[in-house]
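Chains, contacts and geometry: an overview
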Amino acid sequence: MSKGLFITGTGTDIGKTYVTALLVKRLHDAGYNVGYYKAAISGADSVAESDAGFVNATANLGQSDEELLSYLYKTAVSPHLAAKLEDNPVEKEMVIKGYQRVAATRDFVTLEGSGGIVCPIRYDEVGHYFLTDIINWLHLPTLIVADAGLGTINTVVLTVEYLKARHIPVKGIILNNYTGGTMQEDNVYMIEELTGCKVLAKVAPGDTELAADPAMLAGLYE
Ligand SMILES: Nc1ncnc2c1ncn2[C@@H]1O[C@H](COP(=O)(O)OP(=O)(O)OP(=O)(O)O)[C@@H](O)[C@H]1O
Ligand SMILES: [Mg+2]
């Protein structure tokens, strides 16, 4: 049976795709049969130019465009609005099928959300879907990517509390753009204190490898 992990973040542009690519690459290089899936991407002209294409290329996954992504929107707005503007709403069945297609050939399926944890995917008269619905449909645990710097205690705690309130498991946190120093070291300490979740890894600017044990990373998938 294939296992999955949903990677979310404290906001847009925080480095979810960058960190996901390094995480997936670490597992792939260690011999794990890992794959990637994203339900919907907005603001990209092609799969290759999107988050999915970046992870696929960085980790050398060799997945087809159809396998990587179910909905591609060109308009660079939240998926729910892009779907409305382009008249192509996300269907629950398509997302479940899309995930299962990857899970059929990969032991570890890595998903990435759009934006932060509160992100409408579809909001019309037929359905109100949020990222947390996708997480629930697929019964996934989450990993949070956050910036290492100023303001991160607030955004990490809010994200963890939001997920906990919905009974969605949080496996840990990865801090991006970590450069060390008194404040960032204290951020690690305070985040762990206030959330009860571990900072599992730190990614420095320009890192090309994730400094984390592949077996630990594989253990995050459920
Ligand atoms: N550690 C890092 N070192 C160098 N560049 C980085 C790092 N983290 C992120 N970036 C760059 O910052 C930009 C935003 O990162 P990324 O695309 O991973 O964010 P995201 O959270 O996935 O954004 P979105 O919400 O659009 O999916 C990208 O150009 C990425 O290459
Ligand atoms: Mg991204």
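The protein chain has the name ATP-dependent dethiobiotin synthetase BioD in an unreviewed UniProt entry, where Veillonella magna is given as its organism. What the UniProt record of the protein chain gives under Subcellular location (unreviewed entry) is the line "Cytoplasm".

Notes on the UniProt feature "active site" (unreviewed entry) in the protein chain
In this structure's numbering, the residues bearing the UniProt feature "active site" (unreviewed entry) are Lys-38. Here Lys-38 lies in strand β2 (residues 34-42). Owing to a relative accessible area of 3%, Lys-38 belongs among the buried residues under this scheme. Leave out the neighbours within four places in its chain, and Lys-38 touches Asp-51, Leu-68, Leu-69, Ser-70, Glu-112, Gly-113 and Ser-114. A polar contact of 2.8 Å, which involves the side chain of Lys-38, links it to the side chain of Asp-51.

Digging into the coordination of the magnesium ion (ligand 2)
For the magnesium ion (ligand 2), the full set of protein donor atoms is Thr-17 (OG1), Asp-51 (OD) and Glu-112 (OE), at a range of 2.1 to 2.3 Å. Expressed as a motif, the donor residue spacing for the magnesium ion (ligand 2) is T-x33-D-x60-E. Of this pair, Thr-17 sits in helix α1 (residues 16-29) while Glu-112 sits in strand β4 (residues 108-112); the two residues are 95 residues apart in sequence, bridging distant segments of the chain. Just as Thr-17 is buried, Glu-112 falls in that class too.

A closer look at the packing of α1 against helix α2 (residues 51-58)
One can describe the packing of α1 onto α2 by two numbers: an axis separation of 8 Å at closest approach and a directional angle of 30°. Of the possible angle classes, the one that applies to α1 and α2 is roughly parallel. Regarding α1 and α2, the two cross each other, and that crossing is right-handed. In contact with Thr-17, Tyr-18, Thr-20, Ala-21, Val-24 and Lys-25 of α1, α2 contributes Asp-51, Phe-54, Val-55 and Thr-58. Split into classes, the residues belonging to the contact of α1 with α2 amount to five nonpolar, three polar and two charged.

What counts, and at which threshold
Residues numbered from 1 in each chain as written. Chains lettered and ligands numbered in written order. Predicted model: local features only at pLDDT ≥ 70, side-chain atom pairs only at ≥ 80, totals over all residues. Heavy atoms only, no water. UniProt positions renumbered as here; feature names shortened; annotations may be inferred. Helix = DSSP H or I, 4+ residues; strand = E, 2+ residues; numbered from the N terminus. Buried < 20%, exposed > 50% of the residue type's maximum accessible area, 1.4 Å probe, protein only. Contact = heavy atoms within 4.5 Å. Polar contact = N/O pair within 3.5 Å; in protein donor to acceptor, adjacent residues only side chain to side chain. Donors = N, O, S within 2.8 Å, 3.2 Å for Na, K, Ca; no water. Axes fitted to C-alpha atoms, helices over the stretch in contact; angles between N-to-C directions. Parallel < 35°, antiparallel > 145°, perpendicular 65-115°, else oblique. Left-handed = near helix turned anticlockwise from the far one by under 90°. Nonpolar A, V, L, I, M, F, W, Y, C, P; charged D, E, K, R; others polar.

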